[in-house]
Amino acid sequence: QVQLVESGGGLVQAGGSLRLSCAASGRTFSSYAMGWFRQASGKEREFVAAISWSGGTTYHADSVKGRFTISRDNAKNTVYLQMNSLKPEDTAVYYCARGRAYSSPHYNQNEYDYWGQGTQVTVSS
């Protein structure tokens, strides 16, 4: 069974930064693409960023491009989301998820099979 545990969320003022971490259990973490999604209150869950199994390819949603950066450390079984220049509209619960083995990053939630419990990010104006 794969477990994904997010951390690093919190309350920050607009313009500030946070770094989210997602620690994964299991020996095969490095074989899988990983993604970050978010869900604001009353809205559907949406894609934020994804990274290939090797870390060589990344994909960011237009709404966060230039502000957020996804990365991974396969030696630590961890994927990160560095969030800079945060805006109130970034307020949401952020989830990490595991994609397909040896796959390119993907924005489609159907390509992900395991999900973390989420971490709240609140950006005040």
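Relevant structure appears above.
Described in the following lines is the structure provided in the data block. (Residues numbered from 1 in each chain as written. Predicted model: local features only at pLDDT ≥ 70, side-chain atom pairs only at ≥ 80, totals over all residues. Heavy atoms only, no water.)

1. A look at unusual backbone geometry
For Ser 85, which is not a glycine, the phi torsion comes out positive at approximately 50°. Structurally, the position occupied by Ser 85 is in the loop between β8 (78-83) and β9 (92-101). Residue class for Ser 85 comes out partly exposed when judged on its relative accessible area of 41%. (Helix = DSSP H or I, 4+ residues; strand = E, 2+ residues; numbered from the N terminus. Buried < 20%, exposed > 50% of the residue type's maximum accessible area, 1.4 Å probe, protein only.)

2. Some points on the layout of surface pockets
Put simply, the largest pocket is a space of about 160 Å³. Around the largest pocket, the lining comprises 13 residues; the ones closest to its centre are Arg 38, Ala 40, Lys 43, Glu 46 and Glu 89. The residue inventory of the lining of the largest pocket, partitioned by class, reads 2 nonpolar, 3 polar and 8 charged. (1 Å grid on protein atoms, 1.4 Å probe; cavity = no way out; pocket = protein on both sides within 12 Å on 5 of 7 lines; lining within 4 Å. Points joined across faces, edges and corners; volume = space filled by probe spheres on them. Nonpolar A, V, L, I, M, F, W, Y, C, P; charged D, E, K, R; others polar.)

3. A few points about the packing of aromatic side chains
Evaluated as defined, the whole model comprises 7 aromatic pairs. Each ring, one from Phe 37 and one from Trp 115, has its centre 4.9 Å from the other, and the planes form 55°; the classification is tilted. Remark: Trp 115 occurs in strand β10 (residues 114-115) and Phe 37 occurs in strand β4 (residues 32-39); sequence separation between them is 78 residues. Its relative accessible area of 25% is what places Trp 115 among the partly exposed residues. (Phe/Tyr/Trp six-rings, centres within 6.5 Å; stacked < 30°, edge-to-face > 60°.)

4. Examining the nonpolar core
Of all hydrophobic cores here, the largest spans 31 residues; its most connected members are Trp 36, Val 48, Phe 68, Val 79, Leu 81, Met 83 and Tyr 94. Per-element accounting of this core gives the leading share, 5 residues, to strand β5 (residues 46-51). (Core = buried A, V, L, I, M, F, W, Y, C linked by side-chain atoms within 4.5 Å.)

5. Considering the environment of Thr 119
When you line up the elements, Thr 119 lands in strand β11 (residues 119-124). Measuring from C-alpha to C-alpha, the distance between Thr 119 and Ala 92 comes to 8.4 Å, with 27 residues separating the pair along the chain. Residue contacts for Thr 119: discarding those within four places in its chain leaves Glu 6, Ser 7, Gly 8, Gly 9, Leu 20, Ala 92, Val 93 and Tyr 94. For Thr 119, the side chain forms a polar contact with the main-chain nitrogen of Gly 9, separated by 3.3 Å. (Contact = heavy atoms within 4.5 Å. Polar contact = N/O pair within 3.5 Å; in protein donor to acceptor, adjacent residues only side chain to side chain.)

6. Looking at the pairing of strand β3 (residues 18-24)
Most of β3 sits out of view: 5 of its 7 residues are buried. Here strand β1 (residues 4-7) runs beside β3; their pairing, made up of 4 bridges, is antiparallel. From the neighbouring strand, Val 5 faces β3, where its bridge partner is Ala 23. The pairing of β3 with β8 spans 6 bridges and is classified as antiparallel. Bridge pairing in β8 places Ser 21 opposite Tyr 80. (Pairing = 2+ DSSP bridges.)

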